[in-house]
Amino acid sequence: MTASDPKKMLKQIEHKTAKANKFRKHNLGKKRTCGFTTKKCQRCGRIKGHLDQYRLDLCRQCFRDVAIKIGFKKYN
Ligand SMILES: [Zn+2]
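Structure report, in brief.

Conventions and cut-offs
Residues numbered from 1 in each chain as written. Predicted model: local features only at pLDDT ≥ 70, side-chain atom pairs only at ≥ 80, totals over all residues. Heavy atoms only, no water. Helix = DSSP H or I, 4+ residues; strand = E, 2+ residues; numbered from the N terminus. Rg over C-alpha atoms; globule rule 2.2 N^0.38 Å. Buried < 20%, exposed > 50% of the residue type's maximum accessible area, 1.4 Å probe, protein only. Contact = heavy atoms within 4.5 Å. Areas by Shrake-Rupley, 256 points an atom, 1.4 Å probe, with all protein chains shown as cover. Lys, Arg positive; Asp, Glu negative; His and termini not counted. Charge placed at Lys NZ, Arg CZ, Asp CG, Glu CD. 1 Å grid on protein atoms, 1.4 Å probe; cavity = no way out; pocket = protein on both sides within 12 Å on 5 of 7 lines; lining within 4 Å. Points joined across faces, edges and corners; volume = space filled by probe spheres on them. Nonpolar A, V, L, I, M, F, W, Y, C, P; charged D, E, K, R; others polar. Donors = N, O, S within 2.8 Å, 3.2 Å for Na, K, Ca; no water. Tetrahedral: all angles 85-135°; square planar, octahedral: opposite > 155°, others 65-115°.

1. Thoughts on the overall build of the protein chain
Here is step 1: Of regular secondary structure, the protein chain possesses 3 helices and 2 strands.
Here is step 2: Element order for the protein chain, N to C, with α for helix and β for strand: α-α-β-β-α.
Here is step 3: Computed over its C-alpha atoms, the radius of gyration of the protein chain comes to 19 Å, more than 25% above the 11 Å expected for a compact globule of 76 residues.
Here is step 4: Across its three principal axes, the protein chain shows a C-alpha extent of roughly 60 × 25 × 15 Å.
Here is step 5: Buried residues in the protein chain amount to 17% of all 76 residues.
Here is step 6: At a minimum sequence separation of 6, the contacts of the protein chain that also span at least 24 residues come to 0%.
Here is step 7: Accessible surface computed for the protein chain: about 7,100 Å², of which carbon and sulfur atoms make up 52%.
Here is step 8: Of the charged side chains in the protein chain, 22 are positive and 5 negative; the average position of the first set lies 4 Å away from that of the second.

2. A short note on the layout of surface pockets
Here is step 1: Its volume calculated, the largest pocket comes out at about 230 Å³.
Here is step 2: Taken together, Phe63, Arg64, Ala67, Ile68, Phe72, Lys73 and Lys74 make up the lining of the largest pocket.
Here is step 3: In the lining of the largest pocket, the residues fall into 4 nonpolar, no polar and 3 charged.

3. Examining the coordination of the zinc ion
Here is step 1: Protein-derived ligands of the zinc ion are Cys41 (SG), Cys44 (SG), Cys59 (SG) and Cys62 (SG), with the metal-ligand distances lying across 2.2 to 2.3 Å.
Here is step 2: For the zinc ion, the 4 donor atoms in the first shell make angles of 104 to 114 degrees at the metal, a pattern classed as tetrahedral.
Here is step 3: You can call Cys59 buried: its relative accessible area is 0%.
Here is step 4: We classify Cys62 as buried; its relative accessible area is 6%.

If you want it as C-alpha cells, here you go:
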C-alpha cells in the first residue's frame, strides 16, 4: 500500500466495500463549507496568508511574485 496519498490507498481497497467505507470515515479529509481552509491561493494552493482584497485570491508570497505584472507599484 502507498501511504503518501489516502485517495490512492482507497483505490486499492475499493472492491472491499465495508473496509472502504471504514477507511473513508476515518482517513479521508472532511469537505469544508466555511472557514479559512476554503480560501486557497489560486496559484499555489496555500491556505495561510491569503489576500482577498481587490479580489486577488492569492497568498502573500505569490502576490510578491506577481504584483508588478498585475500593475501594483511599490512606493519608497
Ligand atoms: Zn500562492
